[in-house]
Amino acid sequence: MKYYLSAMVGFIIWGTFALVLKPLAAYGALDILIHRVLFASVCIFLACFLFRRKQTFASIKYLRSTSNKERIQLAVNILASALLLGMNWFLFIYVMNAVSVNATSLAYLICPILTTVLASIFLNERLNKGQWLAVGLSVVACLIMAYGHFIDLFYSFIIALSYAAYLVLQKNKFKIDKFFTLTIHIIVATIILLPILSVIDTSVPKTDQFYVLILVIAIAYTIIPLFLNIYALKGLDSSVVGILLYINPIISFFLAILYYKEPINLPQIFAFALIFLAVIIFNVAYIYQRRRQTVLKPDVHEL
């Protein structure tokens, strides 16, 4: 249950991202991104060595004891994860402020489907009939949402693919503290993104509100939900975490129509109703399967 709650809380937080990102609409996506990763890097580095010293040094000790082959595999995993994170952050900010909130919602409608497919292909995670039914309903909902909005669909697909691939990469056997792993991802992503400092538009003056909101984004909307996601993957399949991600766009959807007054039509309402139904079916099917496996599993003390 704690892994379920971790994933759910992380996605609930992300669902409200527009509340702190929309007030920064006057600033360029690159400007917001580079400040976000710089603030996040400093905050998570300090947290790692001030509040999680035991886990951090244990992870460093583990890295020193690994073979060259495992170090290379870990380095590739870290580099790929950092690249995917950086791409996801930039595209999300750009689409949120330059396209629409609904476009980002569509991205996170597509993401669980892609996560499920990638997990099935690369991690051999098997779904039962109820879970596949939920995936099918999700596909139908996404097609309804994307109809007549090809550009939104294109951006949404890239955002979704980047985070789906990131989630799948975190389901690995490296014995490193998850918070320390996230620290490396964010710092490497920051190093990769630093060259954009030379091309960002700084014509809009920075206010105190800008720096306060960036700090909130760095901690509450970057470090905390990412850590909760990675932690959840310790006890849940990637496909399950992917489906729980639907909490994010559902909240974003209601913010878009109720708070930001973005136009909504009947097909969109129907699509989100299907998504809500798919989330319920997927999780009921998953919980039923886990309970059934627990009942069928023999008690070793009786053997």
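Remember, it's a predicted structure, so these values are computed and weren't measured experimentally.

A.B. asks: Explanation requested: the overall build of the protein chain in the structure shown.
C.D. replies: Across its full length, the protein chain holds 13 helices and zero strands. Reading the protein chain from its N terminus to its C terminus gives the helix and strand order α-α-α-α-α-α-α-α-α-α-α-α-α. Considered along the principal axes of its C-alpha atoms, the protein chain spans approximately 75 × 55 × 30 Å. In the protein chain, which comprises 303 residues, the proportion classed as buried is 50%. Considering only contacts in the protein chain between residues 6 or more positions apart, those separated by 24 or more positions represent 90%. Accessible surface computed for the protein chain: about 15,200 Å², of which carbon and sulfur atoms make up 70%. Taken as two groups, the 23 positive and 11 negative side-chain charges of the protein chain have centres that lie 10 Å from each other.

A.B. asks: Honestly, helix H4 (residues 53-65) in this entry has me stumped. Any pointers?
C.D. replies: Each full turn of the α-helix corresponds to 3.6 residues, which orients residues three or four apart in the same direction. Taking 1.5 Å of rise per residue, 13 residues should cover 18 Å, and H4 covers 18 Å from first to last C-alpha, within 8% of that figure. Listing the buried residues of H4 in full gives Thr 56, Ser 59 and Tyr 62. End-on view of H4: buried residues confined to an arc of 125 degrees, all on one side of the axis. Facing away from the buried side of H4 by more than 90 degrees, the exposed set consists of Lys 54, Lys 61, Arg 64 and Ser 65.

A.B. asks: What am I meant to see in the environment of Tyr 259 here?
C.D. replies: Relative to the helices and strands, Tyr 259 resides in helix H12 (residues 247-259). You can call Tyr 259 exposed: its relative accessible area is 55%. For Tyr 259, the contacting residues outside a window of four places in its chain are Leu 19 and Phe 254.

A.B. asks: In this structure, what is going on with empty space enclosed by the protein? I would like to understand it.
C.D. replies: Taken as a whole, this structure holds two cavities of 30 Å³ or more when the rule is applied. Of all the elements, helix H5 (residues 68-98) adds the most residues to the lining of the largest cavity, at four residues. Among the residues making up the lining of the largest cavity, the classes are represented as nine nonpolar, two polar and one charged. Here the second largest cavity is characterised by a volume of approximately 80 Å³.

A.B. asks: Teacher, can you tell me more about the pattern of salt bridges here?
C.D. replies: Side chains bearing opposite charge may pair, as long as their charged atoms lie close to each other. Applying the stated criterion across every chain, the model contains two salt bridges. With its nearest N and O atoms 2.9 Å apart, the salt bridge here joins Asp 31 to Lys 206. Here Lys 206 lies in the loop between helix H9 (178-193) and helix H10 (208-232) and Asp 31 lies in helix H3 (residues 29-50), a separation of 175 residues in the sequence. In this structure, Asp 177 engages Arg 52 in a salt bridge whose closest nitrogen and oxygen atoms are separated by 2.7 Å. On the criterion of sequence distance, the pair formed by Asp 177 in the loop between helix H8 (150-169) and H9 and Arg 52 in the loop between H3 and H4 is long-range, its members being 125 residues apart.

A.B. asks: Help me understand the layout of surface pockets, please; the structure alone is not making it clear to me.
C.D. replies: Empty space among the atoms becomes visible once a probe the size of a water molecule is rolled across them. As a volume, the largest pocket reaches approximately 300 Å³. Met 1, Tyr 3, Tyr 4, Leu 5, Met 8, Gly 235, Leu 236, Asn 283, Tyr 286, Ile 287, Arg 290 and Arg 291 together form the lining of the largest pocket. Sorting the residues of the lining of the largest pocket by element identifies helix H1 (2-15) and helix H13 (266-296) as the ones contributing at least two each. Ranked by residue count, the leading element in the lining of the largest pocket is H13, at five residues. Classifying every residue of the lining of the largest pocket gives eight nonpolar, two polar and two charged.

A.B. asks: Could you clarify how one ought to interpret the side chain of Thr 66 in this entry?
C.D. replies: By the secondary structure assignment, Thr 66 is in the loop between H4 and H5. Since its relative accessible area comes to 11%, Thr 66 is described here as buried. Separated by 2.8 Å, the side chain of Thr 66 and the backbone oxygen of Leu 63 make a polar contact.

A.B. asks: Looking at this model, I keep getting lost on the environment of Ala 47. Mind explaining?
C.D. replies: As for its placement among the helices and strands, Ala 47 is situated in helix H3. Accessibility expressed as a relative area gives 17% for Ala 47, which makes it buried. C-alpha of Ala 47 to C-alpha of Lys 22: the two residues are 25 residues apart in sequence and 28 Å apart in space. With residues near it in sequence (within four places) discarded, Ala 47 still touches Arg 52 and Phe 179.

A.B. asks: Quick question: what am I supposed to make of the packing of aromatic side chains here?
C.D. replies: In this description, a pair of aromatic rings is defined by centroid distance and the angle of the planes. Evaluation of the coordinates by the stated rule reveals 14 aromatic pairs. Measuring from centroid to centroid gives 5.4 Å for Phe 179 and Phe 227, while their planes differ by 75 degrees, and the two rings are edge-to-face. Of this pair, Phe 179 sits in helix H9 while Phe 227 sits in helix H10; the two residues are 48 residues apart in sequence, bridging distant segments of the chain. Relative accessible area serves as the criterion here: at 9%, Phe 179 is assigned to the buried category. With centroids separated by 4.9 Å and ring planes inclined at 90 degrees, the aromatic side chains of Tyr 259 and Tyr 260 adopt a geometry described as edge-to-face.

Each value, and the rule that gives it
- Residues numbered from 1 in each chain as written.
- Predicted model: local features only at pLDDT ≥ 70, side-chain atom pairs only at ≥ 80, totals over all residues.
- Heavy atoms only, no water.
- Helix = DSSP H or I, 4+ residues; strand = E, 2+ residues; numbered from the N terminus.
- Buried < 20%, exposed > 50% of the residue type's maximum accessible area, 1.4 Å probe, protein only.
- Contact = heavy atoms within 4.5 Å.
- Areas by Shrake-Rupley, 256 points an atom, 1.4 Å probe, with all protein chains shown as cover.
- Lys, Arg positive; Asp, Glu negative; His and termini not counted.
- Charge placed at Lys NZ, Arg CZ, Asp CG, Glu CD.
- Expected span 1.5 Å × (residues − 1).
- Arc of directions from axis to C-beta.
- 1 Å grid on protein atoms, 1.4 Å probe; cavity = no way out; pocket = protein on both sides within 12 Å on 5 of 7 lines; lining within 4 Å.
- Points joined across faces, edges and corners; volume = space filled by probe spheres on them.
- Nonpolar A, V, L, I, M, F, W, Y, C, P; charged D, E, K, R; others polar.
- Salt bridge = Lys/Arg side-chain N within 4 Å of Asp/Glu carboxyl O.
- Polar contact = N/O pair within 3.5 Å; in protein donor to acceptor, adjacent residues only side chain to side chain.
- Phe/Tyr/Trp six-rings, centres within 6.5 Å; stacked < 30°, edge-to-face > 60°.

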